[in-house]
Amino acid sequence: MQRKSQSDGAVRKRCGRVTAALILAAVLCVSLTGCRDDTESQSVSLPDSALSAESFEESDIEDSRSADVEDTPTTDDEVITSETSAGDTADSSDTSDSGEPSAPETESAPADTEQTSPAVSTSPQTAEMSIPAEPDPPLASTPPVTTATTATTTPKPPAEVIIPEVKTVSSPGEKTFTAGDSFIDYSNASKGYISVRYGGGSDRVRVLIKCGNSTYDYMLTGDNKTRYFPLSCGSGEYILQLWEHDHDNFYSNSIDETVSLTVSDEVAMFLYPNYYVEFDQQSNAVKKSAEVCAGAEGTIEKIAAIFGYITDNVAYDKQLAATVQSGYVPNPDATLKSLKGICFDYSALFAAMARAQGIPTRLVIGYASPDIYHAWNEVYTTETGWITPELFLKQSGYNLLDSTFYAGASDKAQISDYISTKSNYTALYYY
């Protein structure tokens with residue numbers, strides 16, 4: 001009987017230890033999962049337009065190029081809000097500048113202040129979108145226990161950083177349409193771009209490139225600089241126009257020509273810099289691309305490395321989103337320096353860094369469901385063709401090319417489901 005009593009006492013002690021351990025585990029579980037940030041939201045709407053007429057009032061011109069565009073797609077069960085910041089893989093514990101999904105609040109962006117006459121046809125396209133909130137902070141993890149017998153490993157030497165040779169643009173002046181000191185140069189149309197320089201005295205200029213059913217409308221300042229624009233429709237007939245601010249609220253047409261152009265490689269044309277994806281051999285975006293892709297093997301790994309860097313480091317600029325004006329032009333090096341921007345900036349930086357690596361990349365402007373005027377990217381690989389947001393890059397753990405939405409989403413799996421649905425995206429313009 002005494003032996004049995006001692007045995008029962010030992011069992012009770014062991015049970016007590018197990019119970020205490022279970023209680024401690026439950027407390028830790030509650031404490032580790034109990035903190036989440038509230039969602040913040042803002043919005044901005046940006047216009048888009050086309051012009052046609054000999055002269056027109058400036059107020060009806062709305063610029064498609066300030067495409068931002070805030071980011072809050074709606075999923076089946078809730079609205080996802082995403083503040084652009086850090087994000088890497090499809091792990092919902094990734095952190096940066098976002099919070100839990102919630103219904104968006106919207107705030108309209110300023111409308112374009114330019115005026116145009118009733119004679120000009122315009123087609124404004126705007127949309128509202130919510131700005132994502134900040135993400136949950138990372139949960140602390142317990143470091144692995146090490147002992148004196150733990151084997152030591154020799155770290156790999158850092159990969160060599162090689163600055164790539166990037167494509168350059170030029171304006172040779174062999175085939176031009178001119179008006180005074182201004183010109184449209186299509187000498188390099190076979191490479192997929194034209195150049196334009198305005199040499200007049202106006203403070204504002206419009207370049208219109210019409211092809212198929214699309215009108216690409218660019219607003220420039222009268223700074224006498226040569227600018228480069230893609231022939232986004234590939235080979236075909238183009239209407240090339242130059243409009244200059246005349247007086248009061250009117251523009252006048254100084255160049256208006258129709259020409260048939262042949263692009264020799266409609267994929268490689270998206271390796272060149274242009275007005276919205278600006279870079280050259282000395283650009284910091286090119287240097288950063290080399291650093292980020294050092295050691296990466298193949299196109300898919302490079303795409304994943306660039307995407308991961310941008311979503312981990314660039315935060316959504318709420319102030320810019322609330323104040324952006326029509327005619328806004330992204331600058332990849334400026335975004336890289338400030339590490340913040342709107343979706344137009346995210347997409348331009350991604351395109352510059354990917355093109356620097358020899359990966360054909362399109363900056364796309366269009367609509368994300370339900371009605372978000374938005375910018376994202378598409379890349380080309382020889383294995384898959386054009387990779388659009390709905391296709392997976394499973395080989396490297398990335399399943400989307402919408403860096404803005406992904407960077408700010410606290411629930412990576414949920415936002416991935418949204419982005420991987422083809423019907424959620426409608427492309428309008430390619431740059």
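Anything mentioned here points back to the structure above.
Residues numbered from 1 in each chain as written. Predicted model: local features only at pLDDT ≥ 70, side-chain atom pairs only at ≥ 80, totals over all residues. Heavy atoms only, no water.

K.L.:
I would appreciate a short explanation of the state of the cysteines in the present structure.
P.N.:
Such a bond, covalent and formed between the sulfur atoms of two cysteines, is termed a disulfide. All chains considered together, the criterion is met by one disulfide. Residue pairing for C211: its cysteine sulfur links by disulfide to C233, the two sulfurs lying 2.0 Å apart. Because the torsion about its S-S bond is 60 degrees, the bridge between C211 and C233 counts as right-handed. Taken as a pair, C211 in strand β5 (residues 204–211) and C233 in the loop between β7 (226–230) and β8 (236–247) lie far apart in primary sequence, 22 residues in all. For C211, a relative accessible area of 3% gives the class buried. For C233, a relative accessible area of 33% corresponds to the partly exposed category. (Disulfide = S-S within 2.5 Å. Helix = DSSP H or I, 4+ residues; strand = E, 2+ residues; numbered from the N terminus. Buried < 20%, exposed > 50% of the residue type's maximum accessible area, 1.4 Å probe, protein only.)

K.L.:
Would you take a moment to explain the environment of Y228 for this structure?
P.N.:
Within the secondary structure, Y228 sits in strand β7. Along the sequence, Y228 and Y276 sit 48 residues apart, while their C-alpha atoms lie 9.1 Å from each other.

K.L.:
I tried to follow the sheet that holds β7 on my own but got confused; where do I start?
P.N.:
Pairing between the strands of a sheet is mediated by backbone hydrogen bonds and can be parallel or antiparallel. The strand order across the open sheet formed by four strands is β2-β3-β4-β7, and the pairing between neighbours is antiparallel. A strand with exactly one partner marks an edge of an open sheet, and here the two such strands are β2 (176–179) and β7. Averaged over all neighbouring strand pairs, the angle between strand axes comes to 15 degrees, with direction disregarded. Across four bridges, the pairing between β2 and strand β3 (residues 182–185) is antiparallel. By the bridge assignment for β3, A179 is matched with S182. (Pairing = 2+ DSSP bridges. Axes fitted to C-alpha atoms, helices over the stretch in contact; angles between N-to-C directions.)

Note that every value here comes from positions in space, so none of it alone points to a role or purpose.
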